[in-house]
Amino acid sequence: MMNKVISVNWKERSMQGIFPGISACELWQGKTGSKAAIVEIKPGGKWQGFDIHETSSEEIFVVEGIFNDGEKDYPAGTFIHNPIGSKHIPQSSTGCLLFVFYPV
């Protein structure tokens, strides 16, 4: 028996607000807790406090715009690996669109 292929068009799903100027759309969640999402940060949007990765690493691909982790700017096309135990403050002065994956 073959595994079922799952496809989702994020543009057909609703975004859920996380913080002012930051919203996300979950694309997929696996049986072990791994998940994938699209995150949009509007110009000036900033995570409130630290985004701490206690139980899983976080993989980010910057699709559009410029993402800032509280220390450095990452332009479109950049891949970022945040290991377990890391923390950052997601934000963007210009706005950005991210693909985020939590492998667990």
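Thresholds, definitions, all that
Residues numbered from 1 in each chain as written. Predicted model: local features only at pLDDT ≥ 70, side-chain atom pairs only at ≥ 80, totals over all residues. Heavy atoms only, no water. Phe/Tyr/Trp six-rings, centres within 6.5 Å; stacked < 30°, edge-to-face > 60°. Helix = DSSP H or I, 4+ residues; strand = E, 2+ residues; numbered from the N terminus. Lys NZ or Arg CZ within 6 Å of the ring centre and 35° of its normal. Pairing = 2+ DSSP bridges. Buried < 20%, exposed > 50% of the residue type's maximum accessible area, 1.4 Å probe, protein only.

Draft legend 1. Spatial organisation of the packing of aromatic side chains. Scanning the entire structure with this criterion turns up 3 aromatic pairs. Measuring from ring centre to ring centre gives 4.8 Å for Phe19 and Trp47, while their planes differ by 70°; the resulting arrangement is edge-to-face. Within this pair, whereas Phe19 is found in strand β1 (residues 16-19), its partner Trp47 is found in the loop between β3 (35-41) and β4 (51-52), the two being separated by 28 residues in sequence. Seen from the ring of Phe50, Lys87 lies directly overhead, with NZ or CZ sitting 4.3 Å from the centre.

Draft legend 2. Focus on the pairing of strand β5 (residues 58-68). Note: β5 against strand β7 (residues 79-82), 4 bridges, orientation antiparallel. When the sheet's bridge partners are listed, Ile60 is paired in β7 with Ile80. In the sheet, β5 pairs with strand β6 (residues 73-75) via 3 bridges, with the strands oriented antiparallel. Each residue of the ladder has a partner; that of Asn68, found in β6, is Asp73. Counted along the chain from β5 to the antiparallel partner β6, the turn is 4 residues long, and its residue Gly70 has a positive phi close to 100°.

Draft legend 3. Broad picture of the environment of Ser7. Mapped onto the secondary structure, Ser7 falls in the segment before β1. Here Ser7 falls in the exposed class, since its relative accessible area comes to 69%. Sequence-wise, Ser7 and Tyr102 are 95 residues apart; in three dimensions their C-alpha atoms are separated by 18 Å.

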